[in-house]
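For reference, the chains in residue letters:
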Amino acid sequence: MRWNVMVKHTGRAGYLQIADDLRAQIRGGSLAPGTPLPSTAQLAEQYDASLSVVKMAVGILRNEGLVIGQQGKGVYVRDEADAPAAGDLADEVAELRTAVQDLSGRLARVEEQLATSTTRRSARGSR
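Residues numbered from 1 in each chain as written. Predicted model: local features only at pLDDT ≥ 70, side-chain atom pairs only at ≥ 80, totals over all residues. Heavy atoms only, no water.

As for the pattern of salt bridges
- Evaluated as defined, the whole model comprises 4 salt bridges.
- Taking the shortest distance from any N to any O, the salt bridge between Glu64 and Arg23 comes out at 2.9 Å. One end of the pair, Glu64, is in the loop between helix 3 (51-63) and strand 1 (67-70); the other, Arg23, is in helix 1 (residues 14-28), with 41 residues separating them in the sequence.
- The salt bridge involving Arg106 is made with Asp102; its shortest N-O contact spans 3.7 Å. Linking Arg106 with Asp102, this pair stays in helix 4 (residues 86-125), spanning 4 residues, or about one helical turn.
- Within the structure, one salt-bridge network assembled from shared partners comprises Arg12, Asp20, Arg23 and Glu64. (Salt bridge = Lys/Arg side-chain N within 4 Å of Asp/Glu carboxyl O. Helix = DSSP H or I, 4+ residues; strand = E, 2+ residues; numbered from the N terminus.)

Topic: the pairing of strand 2 (residues 74-77)
- Two elements, strand 1 and strand 2, share 4 bridges in a ladder whose sense is antiparallel. For Val67, the partnering residue across the bridge sits in strand 2 and is Val77.
- Between strand 1 and strand 2, which pair antiparallel one after the other, the connecting turn spans 3 residues, and Gly72 there sits at a positive phi close to 80 degrees. (Pairing = 2+ DSSP bridges.)

Fair warning: the whole summary comes from geometry, so function is off the table for now.
Quick look at the structure:
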């Protein structure tokens, strides 16, 4: 593990720089599948960054499927064989889009009903 890799003042957010560096280590093999990432505190010291910045960087790697958290044990580099297939992710995204569209339609109907009932109450109150 490399130490004293400080976040640079480049205009690019620190959490993105940290995520880029960790991603490069994972793809380059210096952080092999199954290897635990250093603790959040260790990474914060290593990158001279706050805990929240480190957590955001690790969150990006989780969202990308490069690492996986194990409750109470830490965060580990995910084995590519364990990562979800691209087709699976596309299916999940399609399902989420459908659910969001459905919820948007339902919300629009509720808002319309609310507006109609508010208008009726206002009309009654002005008599």
